[in-house]
Structure formats: C-alpha cells, structure tokens
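Now for the letters of each chain:
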Amino acid sequence: TPYLPTPKSKKKTMSGPIRAGVYGPREDVDKTSADYPAVKVRYASYEQIEKRALIHQQDSGDITKDFLKYDEVPQITNFSRSSMPPGQSVDRHVHESKYEIFEVLSGSGEFCVWEIGADANAKPKETFPLEKDVVVTVGPKEPHSMRTLEDSDGPLVMTYIGIVAPEK
C-alpha cells in the first residue's frame, strides 16, 4: 500500500483506492488551505491504472491511462498518458472549454492544428513533428489531430494534461 511518511509516524497509510492504482490523501490530512479546494488524488501508479479508449474516439482501442480525471484536482480535466501504435491516428476534434498540453515521451508522429471554425475540408494552419521531448499546446475551440508515423520506432507515447479554460 502506498504511504506518505510524516514527522509524527514512520508510516501512514493513505485512504483506500479511488480506482485501480489511484489513491486519495490520508483521511487525517487537512485541506491544502481554507482558501482552496483539497486535491482528491495523492498518488497514482501507472502500472496499476486501467486502460481506456479515447473519450472522443471510442474506436481507438484501450490506449490511455488517467493519472487524474476530471475535478480530482481543481481546474484539471485530466492528466493522462497515451500509447498509440505506429499508423494509428486521433481524428480532428475540438474541446470547447479546455486547453491541452502534450509532452512526447517516445516514438514519432505528427500534430496538426486548424483555424478555429475551419470547415472539414480546410488544410491545417500548423503541422508539427512529434518526437521525444517535444511539447505541443492547443487552446479551447482549436481543432487538432495527431498520428503516429508508420515508420515510428515503437508507439507514440505522450503524457497530456487538460486544463479548464477560464470563464469569459
């Protein structure tokens, strides 16, 4: 069982699992601050988290694991890792009210961004190579897609985070 050492004890067990591989803070831990909501997840083990398909592309297969899901940390929609095999793509899509930040851990691919409101036949306004240590950011309402190159030396592995856009 995961634990957090404290000055008062040698080992304190965290609360029970929220889901496979993901644990909340110990019950005896106070909120972060009276001014801010507390986090709901304290610890997550990648090896134990269950895989899932992409929410906006259910035919993607089980390629994603979520360290954090919506509202487990305020303003964060997800903190996830995806592993896309060579030749796989994520179709062009839009998030109405969130930013996304992608970090490439391994593999190679391509990331495309279109003008906001571009029609389905429009060409991307930007195309970026995806390779280790590259970070790509998209904003709310920016259509985007990604794909793993056929000749990628293994899957395209990316960690990504979704952040709720501020209200206008």
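This text follows the structure it describes.
Residues numbered from 1 in each chain as written. Predicted model: local features only at pLDDT ≥ 70, side-chain atom pairs only at ≥ 80, totals over all residues. Heavy atoms only, no water.

Another point: the overall build of the protein chain. In terms of helices and strands, the protein chain carries zero helices and 13 strands. The order of helices and strands in the protein chain, counted from the N terminus, is β-β-β-β-β-β-β-β-β-β-β-β-β. Here the protein chain holds 168 residues, and the buried ones make up 39% of them. Contacts spanning at least 24 positions in sequence make up 62% of the contacts within the protein chain whose residues lie at least 6 apart. Total accessible area on the protein chain is roughly 10,200 Å²; 51% of this is exposed by carbon and sulfur atoms. (Helix = DSSP H or I, 4+ residues; strand = E, 2+ residues; numbered from the N terminus. Buried < 20%, exposed > 50% of the residue type's maximum accessible area, 1.4 Å probe, protein only. Contact = heavy atoms within 4.5 Å. Areas by Shrake-Rupley, 256 points an atom, 1.4 Å probe, with all protein chains shown as cover.)

Moving on, we come to the nonpolar core. Among the nonpolar cores identified, the biggest contains 15 residues, and Met84, Phe102, Phe111, Leu130, Met146, Leu156 and Met158 are the most heavily contacted of them. Sort the elements by how many residues they give to this core and strand β13 (residues 156-164) lands first, with three residues. In this structure, Val22, Ile49, Leu68 and Ile76 belong to the second largest nonpolar core, which totals six residues. (Core = buried A, V, L, I, M, F, W, Y, C linked by side-chain atoms within 4.5 Å.)

Attention shifts here to the pairing of strand β5 (residues 64-68). When you tally the buried positions in β5, you get five out of five residues, the bulk of the element. As judged from the two bridges shared by strand β4 (residues 51-52) and β5, these two strands associate in the antiparallel manner. Pairing of Arg52 across the sheet is with Thr64, part of β5. Summarising the sheet, β5 and strand β6 (residues 76-84) pair through four bridges and their orientation is antiparallel. What sits directly across from Leu68, in β6, is Phe79. (Pairing = 2+ DSSP bridges.)

For the rest of this paragraph, the subject is the layout of surface pockets. Looking at the largest pocket, its volume works out to about 350 Å³. Taken together, the elements giving at least two residues each to the lining of the largest pocket come down to β6, β7 (89-93), β8 (98-106), β12 (144-148) and β13. With four residues, β6 is the single largest residue contributor to the lining of the largest pocket. Here the lining of the largest pocket is composed, by residue class, of 10 nonpolar, seven polar and five charged. (1 Å grid on protein atoms, 1.4 Å probe; cavity = no way out; pocket = protein on both sides within 12 Å on 5 of 7 lines; lining within 4 Å. Points joined across faces, edges and corners; volume = space filled by probe spheres on them. Nonpolar A, V, L, I, M, F, W, Y, C, P; charged D, E, K, R; others polar.)

Turning to the sheet that holds β7, a few remarks are in order. Ordered in space as β7-β12-β9-β10, the four strands form an open sheet in which the pairing is antiparallel. Looking at strand neighbours, the two that pair on one side only are β7 and β10 (126-130), the edges of this open sheet. The average undirected angle you get between the axes of adjacent strands in this sheet is 15°. Looking at chain direction, strand β9 (residues 109-113) and β12 are connected through five bridges and run antiparallel. The residue of β12 that forms the bridge with Cys112 is Ser145. (Axes fitted to C-alpha atoms, helices over the stretch in contact; angles between N-to-C directions.)

Spatial strand order, β1-β2-β3: three strands in an open sheet with antiparallel pairing. Only two strands of the sheet have a single neighbouring strand rather than two, namely β1 (17-19) and β3 (43-44). As defined by bridge partners, strand β2 (residues 22-23) adjoins β3 across two bridges and the pair is classed as antiparallel. Bridging across to β3, Tyr23 finds its partner in Tyr43.

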